[in-house]
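Report on the structure
For reference, the chains in residue letters:
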Amino acid sequence: MRMTVDHTRAPVLEALDEYRRKGRLSFTPPGHKQARGADPAVREILGDAVFHGDVLASGGLDDRLTRGRVLQRAQELMADAVHAEHTFFSTCGSSLSVKAAMLSVAGPHEKLLVGRDAHKSVVAGLIISGIEPVWVEPRWDAERNLAHPPSAEEFDRAFDAHPDARGALVTSPTPYGGCADLRAIADVCHRRSRPLIVDEAWGAHLPFHPGLPSWAMDAGADICVTSIHKMGSGLEQGSVFHLQGDLVPPELLGMRADLLGTTSPSVLIYAGLDGWRRQMALRGEELMGGALELAAEVRAAIEEIDGLHVNDRDDFCGPGLADDLDPLPGVIDLTGLGITGFQAADWLRENRQIDAHLVDHRRIGAQITHGDDRETTGPLLEALRDLARAAPDLPRAPQVEVPSPAELRMEQAVLPRDAFFGPAEAVPVAEAAGRVAAEMITPYPPGIPAVLPGERLTEPVLVYLRTGLDAGMHLPDPEDPELETVRVLAQ
């Protein structure tokens, strides 16, 4: 039985308030000394409150031995709010959290089942750790050129083929809102006494309203990684990872996180995590209910704009597709306008000061959260109406040659770590097919690599990336961002 806890408390925020009220003088970092040393122009733009909240976590927010247990109490409250047994805060985003989770389940040269639609941070974890990935195929929607999370049956088959795999990792929700049947995947893992990691970076809000898809801890996952800054109220880089069950010891997970984390964590980010937990524990269902109602209203209004369609359950869910849908990402298909998502996003920013999130060859994302209301959605809808009117006069964008699902899949010829750190050379893209990639190449957003280190490059994928670049795709990680050359293993 859970202990009764007081969710009106916010230990980090309360300790910051006490720090200010007592007028503590710090002869420690940070060197700005509560804004006094900060540049006046910076203070004018950021405000002094940012600097006032920027103190040492130990020897500042708490004493040097952390006897006040400020962070520990905040993490315990977070765990209770989301039905986890243990929670760890991270100030380095879910990119760190997911690596700590992976390292707590598998080690160098051990196998981990991983959905191939994983974020680039997961691939970075494979490179750092030397874990051998066993790729589990997503469910591909060839009509919409979109990947949904792998099915439980695919994980079951992968375990049968690789019984020595140490566990599994699945991404749910995807950035597009598609969700896996996490309970069924957890059952597949637990029948073999193997842990399930869920990269739920886009699902911070899921525990707080019954109208949203099931979330990882309630579905029986062992470790769940969540970005509070994405769909919650946390500051950028605010992430948490939750743990339950006895397949991964909490001490081990904490040790792996300590290996990767900073020794100078941002108390500002801790405060954002702590405050968001209190907000959701006290008012989460009300706030998320309002967001769902607003999203439904916005989705209906967008459907009335000629040429626009908001993807819904009928598009994303069903046999061979996703098991559930989070409606809040608001993924808008622009096919009817005859323009790309890259064009649409650029036009909205340049002409209506509106930033879309997801951007690909045929879609943009208009994410709705509990921070929105009609004062924000009204201008969005007007901007989309203006975009529809402007679309016929926009120049025709180059065609992105998107491969079929079968053509997207490339052979993992070498372990990601070995390829990334192996002897490499840059070759012209026209000569790269058949060579083994020594770098990641990732359309961003959403950040799912099209090419992984160790994959044998194929012409359809290279043509996709080159035509995508010509159409406005952003590739932040290859050595040559213009992709005139590709980094490959030396022959």
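Bear in mind the structure is a predicted one, so any value in this text is a computation, not a measurement.

Looking now at the pairing of strand 1 (residues 86-90). Every other side chain in a regular strand lies on the same face of the sheet, so the side chains alternate between the two faces. Here strand 1 lies mainly inside the structure; four of its five residues are buried. Across five bridges, strand 1 lies against strand 10 (residues 239-243) in antiparallel orientation. Residue pairing for strand 10: His-86 is matched across the bridge by Leu-243.

What follows deals with helix 5 (residues 93-105). With 13 residues, helix 5 extends 19 Å between its outermost C-alpha atoms, agreeing within 8% with the 18 Å of an ideal straight helix rising 1.5 Å per residue. Burial runs high along helix 5: twelve of the 13 residues are buried. Residues of helix 5 that are buried include every one of Gly-93, Ser-94, Leu-96, Ser-97, Val-98, Lys-99, Ala-100, Ala-101, Met-102, Leu-103, Ser-104 and Val-105, and no others.

Overall, the coordinates contain 32 salt bridges when judged by the stated rule. A salt bridge links Arg-67 to Asp-63; the shortest N-O distance between them is 2.9 Å. The exposure class of Asp-63 is partly exposed, given its relative accessible area of 27%. With its nearest N and O atoms 2.9 Å apart, the salt bridge here joins Arg-363 to Asp-360. Exposure remark for Asp-360: the relative accessible area of 9% places this residue in the buried category. Connected via shared salt-bridge partners are Arg-116, Glu-137, Arg-409 and Glu-455.

A cluster of nonpolar side chains, Val-42, Ile-45, Leu-46 and Val-50, forms an exposed patch at the surface whose accessible area comes to about 350 Å². Residue contributions to the nonpolar patch peak at three residues, all from helix 2 (residues 40-46). As for its position among the elements, Val-50 is in helix 3 (residues 48-52). Relative accessible area serves as the criterion here: at 31%, Val-50 is assigned to the partly exposed category.

The subject of this paragraph is the side chain of Ser-97. Mapped onto the elements of the fold, Ser-97 is located in helix 5. Relative accessible area serves as the criterion here: at 0%, Ser-97 is assigned to the buried category. Those residues in contact with Ser-97 that sit more than four places away from it in its chain are Ser-90, Val-225, Ser-239, Val-240 and Phe-241.

Across the sheet, which stays open at both edges, the three strands sit in the order 11-13-14 with antiparallel pairing between neighbours. Each having just a single partner strand, strand 11 (309-310) and strand 14 (363-365) make up the two edges of the open sheet. Taken together, the two bridges between strand 11 and strand 13 (residues 331-333) define a ladder with antiparallel strand orientation. The residue of strand 13 that forms the bridge with Val-310 is Ile-332.

On to the environment of Thr-171. Considering the arrangement of structural elements, one finds Thr-171 in strand 6 (residues 168-171). Judged by its relative accessible area of 8%, Thr-171 falls in the buried class. The spatial distance from the C-alpha of Thr-171 to the C-alpha of Glu-350 is 33 Å, given a sequence separation of 179 residues.

Glancing now at the UniProt feature "domain: Orn/Lys/Arg decarboxylase C-terminal" (unreviewed entry) in the protein. The feature "domain: Orn/Lys/Arg decarboxylase C-terminal" (unreviewed entry), as given by UniProt, occupies residues 420-476 in the numbering adopted here. Segment residues 420-476 splits into 26% helix and 9% strand. End C-alpha atoms: 16 Å apart.

Moving on, we get to the packing of aromatic side chains. Under the criterion given, the structure shown has four aromatic pairs. Consider the rings of Phe-89 and Tyr-270, whose centres lie 6.1 Å apart with planes at 45 degrees: the pair is tilted. With Phe-89 in strand 1 and Tyr-270 in helix 11 (residues 267-303), this residue pair connects regions lying 181 residues apart in the sequence. The exposure class assigned to Tyr-270 is buried, which follows from its relative accessible area of 8%. Ring geometry for Phe-420 versus Phe-421: centroids 5.2 Å apart, planes at 85 degrees, classification edge-to-face. Residue Phe-420 is classed as partly exposed on the basis of its relative accessible area of 34%. Its end group placed over the ring of Trp-135, Arg-116 keeps NZ or CZ at 5.6 Å from the ring centre. Sitting above the plane of the Trp-202 ring, Lys-230 keeps its charged end 5.5 Å from the centroid.

Conventions adopted
- Residues numbered from 1 in each chain as written.
- Predicted model: local features only at pLDDT ≥ 70, side-chain atom pairs only at ≥ 80, totals over all residues.
- Heavy atoms only, no water.
- Buried < 20%, exposed > 50% of the residue type's maximum accessible area, 1.4 Å probe, protein only.
- Helix = DSSP H or I, 4+ residues; strand = E, 2+ residues; numbered from the N terminus.
- Pairing = 2+ DSSP bridges.
- Expected span 1.5 Å × (residues − 1).
- Salt bridge = Lys/Arg side-chain N within 4 Å of Asp/Glu carboxyl O.
- Patch = residues over 30% accessible without salt bridge, like charges linked within 9 Å, V, L, I, M, F, W, Y side chains within 5 Å.
- Areas by Shrake-Rupley, 256 points an atom, 1.4 Å probe, with all protein chains shown as cover.
- Contact = heavy atoms within 4.5 Å.
- UniProt positions renumbered as here; feature names shortened; annotations may be inferred.
- Phe/Tyr/Trp six-rings, centres within 6.5 Å; stacked < 30°, edge-to-face > 60°.
- Lys NZ or Arg CZ within 6 Å of the ring centre and 35° of its normal.

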